[in-house]
Every structure is written in C-alpha cells, then in structure tokens.
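Chain by chain, the residues run as shown.
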Amino acid sequence: MTSVSRLDRVLESIEDLSVDEQETLIDLISHRLAERRRSEIAANIAQAQAEYQSGKVFCGTVTQIMDELRK
C-alpha cells in the first residue's frame, strides 16, 4: 500500500473526529514530534562528544580548517 493512500485513510479518520478531538490530536502529535527532535539532538550531541573524546574531530583556526578542507 502506498504512503499516499495510507495518509488519505488517516486524514479521513481524523475528519471523523470532533473538533476538540482534532485539537487534542494536534497537541499530541506536536509534543511527540518535539520529543523526537529532542531525542535526535541528544543522540547527535552524544555522538559528537564521543568523536571529540576519541580525537576524530579536527580543531583549529578558520584558516587551518579551510586548508584542511582544500586537501
């Protein structure tokens, strides 16, 4: 089944909800998306810290970084 038809079915189901239920659903989805983003950011930070501690991160001045990128 394609994602478009799946999305259409979800939208049809949402249209069957009352306005209050739709607003509650919007709030729930919004909060879940925010939490997912926070989790992704935390995972990226943890990965960056691990790479920094293992020496996989290049540190230097802007000129040094630009020189390194040109290699």
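Let me sum up the structure you'll find in this document. Source: prediction; values computed, not measured.

Moving on to a nonpolar patch on the surface. Together, F58, V62, I65, M66 and L69 line one region of the surface with nonpolar side chains, adding up to about 490 Å² of accessible area. The topology assignment puts L69 in helix α3 (residues 62-70).

Right, let's get into a negative patch on the surface. Taken together, the side chains of D8, E12, E15 and D16 present a region of like negative charge at the surface. With respect to the helices and strands, the residue E15 is situated in helix α1 (residues 3-15). Classification of E15 by relative accessible area gives exposed; the value is 61%.

Time to look at the environment of V19. As for its placement among the helices and strands, V19 is situated in helix α2 (residues 19-53). A C-alpha to C-alpha distance of 18 Å links V19 and H31, two positions twelve residues apart in sequence.

Right, let's get into the pattern of salt bridges. When their charged atoms lie close together, side chains carrying opposite charge are able to pair. Under the definition given, this model contains three salt bridges. Here E35 and R38 are joined by a salt bridge, their closest N and O atoms 3.1 Å apart. Of the two residues, E35 and R38 both sit in helix α2, three residues apart, roughly one turn of that helix. The residue D67 makes a salt bridge to R70 at a minimum N-O spacing of 3.6 Å. Of this pair, D67 and R70 both sit in helix α3, three residues apart, which is roughly one turn of the helix. Accessibility expressed as a relative area gives 40% for D67, which makes it partly exposed.

Parameters and conventions
- Residues numbered from 1 in each chain as written.
- Predicted model: local features only at pLDDT ≥ 70, side-chain atom pairs only at ≥ 80, totals over all residues.
- Heavy atoms only, no water.
- Patch = residues over 30% accessible without salt bridge, like charges linked within 9 Å, V, L, I, M, F, W, Y side chains within 5 Å.
- Areas by Shrake-Rupley, 256 points an atom, 1.4 Å probe, with all protein chains shown as cover.
- Salt bridge = Lys/Arg side-chain N within 4 Å of Asp/Glu carboxyl O.
- Helix = DSSP H or I, 4+ residues; strand = E, 2+ residues; numbered from the N terminus.
- Lys, Arg positive; Asp, Glu negative; His and termini not counted.
- Charge placed at Lys NZ, Arg CZ, Asp CG, Glu CD.
- Buried < 20%, exposed > 50% of the residue type's maximum accessible area, 1.4 Å probe, protein only.

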